Amino acid sequence: CNYANPGVYTAKAMVERGSLSSQGSVVINVTGPASLPTSLGITILARNITAGQTSFGDPVSAKPLDKIEFQIQVSNNAGIAYNVVLKNITPTQLIYLGNLKVNGVANSGSILSPGITLGDMASGSPRLITFESQLAPDSSFAFGNNDVINTVIASVNNTAGSDAITLTVQRV
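Conventions used here
Residues numbered from 1 in each chain as written. Predicted model: local features only at pLDDT ≥ 70, side-chain atom pairs only at ≥ 80, totals over all residues. Heavy atoms only, no water. Helix = DSSP H or I, 4+ residues; strand = E, 2+ residues; numbered from the N terminus. Buried < 20%, exposed > 50% of the residue type's maximum accessible area, 1.4 Å probe, protein only. Contact = heavy atoms within 4.5 Å. Areas by Shrake-Rupley, 256 points an atom, 1.4 Å probe, with all protein chains shown as cover. Pairing = 2+ DSSP bridges. Phe/Tyr/Trp six-rings, centres within 6.5 Å; stacked < 30°, edge-to-face > 60°. Lys NZ or Arg CZ within 6 Å of the ring centre and 35° of its normal. Core = buried A, V, L, I, M, F, W, Y, C linked by side-chain atoms within 4.5 Å.

A. Looking closely at the overall build of the protein. Along the protein, the regular secondary structure elements total zero helices and twelve strands. Secondary structure of the protein in N-to-C order comes out as β-β-β-β-β-β-β-β-β-β-β-β. Within the protein, the proportion of its 172 residues that are buried is 32%. Within the protein, residue pairs in contact and separated by at least 24 positions form 68% of the contacts whose partners lie at least 6 positions apart. Total accessible area on the protein stands at roughly 9,800 Å², and carbon and sulfur atoms take up 50% of it.

B. Structural detail: the pairing of strand β12 (residues 159–171). Note: strand β4 (residues 60–62) against β12, three bridges, orientation parallel. By the bridge assignment, Ser61 is partnered in β12 with Thr168.

C. Spatial organisation of the packing of aromatic side chains. Taken as a whole, this structure holds two aromatic pairs when the rule is applied. For the ring pair Phe70 and Phe131, a centre distance of 5.1 Å and an interplane angle of 20° mean the geometry is stacked. Taken together, the residues span a long stretch of sequence, with Phe70 in strand β5 (residues 67–76) and Phe131 in strand β10 (residues 127–135) at a distance of 61 residues. On the basis of relative accessibility, which here comes to 0%, the residue Phe70 falls in the buried class. A residue is classified by how much of its surface remains accessible, and Phe131, at 0% relative accessible area, is buried. An angle of 45° between the planes, with centres 5.7 Å apart, marks the rings of Tyr96 and Phe131 as tilted. Placement of the pair is Tyr96 in strand β7 (residues 94–102) and Phe131 in strand β10, with a sequence separation of 35 residues. Taken together through their ring pairs, the aromatic side chains of Phe70, Tyr96 and Phe131 make up a single cluster. Directly above the aromatic system of Phe143 lies the positively charged group of Arg171, at a separation of 4.0 Å from the ring centroid.

D. Region of the structure containing the sheet that holds strand β3 (residues 40–48). Spatially, β3-β5-β10-β7-β8 is the arrangement adopted by the five strands of the open sheet, whose pairing is antiparallel. The open sheet has two edge strands, β3 and β8 (105–106), and neither has a second partner. Relative to β10, β7 runs antiparallel, the two being bridged by six bridges. The residue bridging Ile95 from the neighbouring strand is Gln134, located in β10.

E. Spatial organisation of the pairing of β10. Burial analysis of β10 places seven of its nine residues in the buried class, the great majority of the element. Sheet topology places β5 next to β10; eight bridges connect them, and they run antiparallel. Of the residues in β10, the one forming a bridge with Phe70 is Phe131.

F. Seen up close, the nonpolar core. In terms of nonpolar packing, the biggest core is built from 32 residues, with Phe70, Ile72, Val74, Leu86, Ile129 and Leu167 touching the most fellow members. Each residue touching Ile72, except ones within four places of it in the same chain, is listed here: Ile42, Thr43, Ile44, Leu86, Ile111, Arg127, Leu128, Ile129, Phe131 and Val152.

Set out below in structure tokens:
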């Protein structure tokens, strides 16, 4: 039997041997889908929109007030991951602008805490998430090169995957 959906089920069994028979039943209460082993993979890349970059990479060079687009790929490499949540740990030198998209479709949620729900993910069905941020003004950076590290975390059940990208911000 497949008890994949929540509900109350009655399992019945009958055993016969010759002229003898016996039967029994048991009530099974399924509260949610079973947790199957999962293996989350996550990769974050970025591009500097202000500088006219058209491809995503890591690391990325920038200046204060530059607009940056982030691209995150979340994949599940085993089993089914139920209710995958993705959140971005934004450093103070980055201002979240939004323009959040999941697989190219606009999403009204926020990738900031508590994050967005990506739903259930079967093995081999990745999600591609993009959003935009802007670097803070000059006063937020020391003169010279400053590393700004942006981290993303995808989690499901007791499993999490994370990745980080470094933006090298030059204040002159």
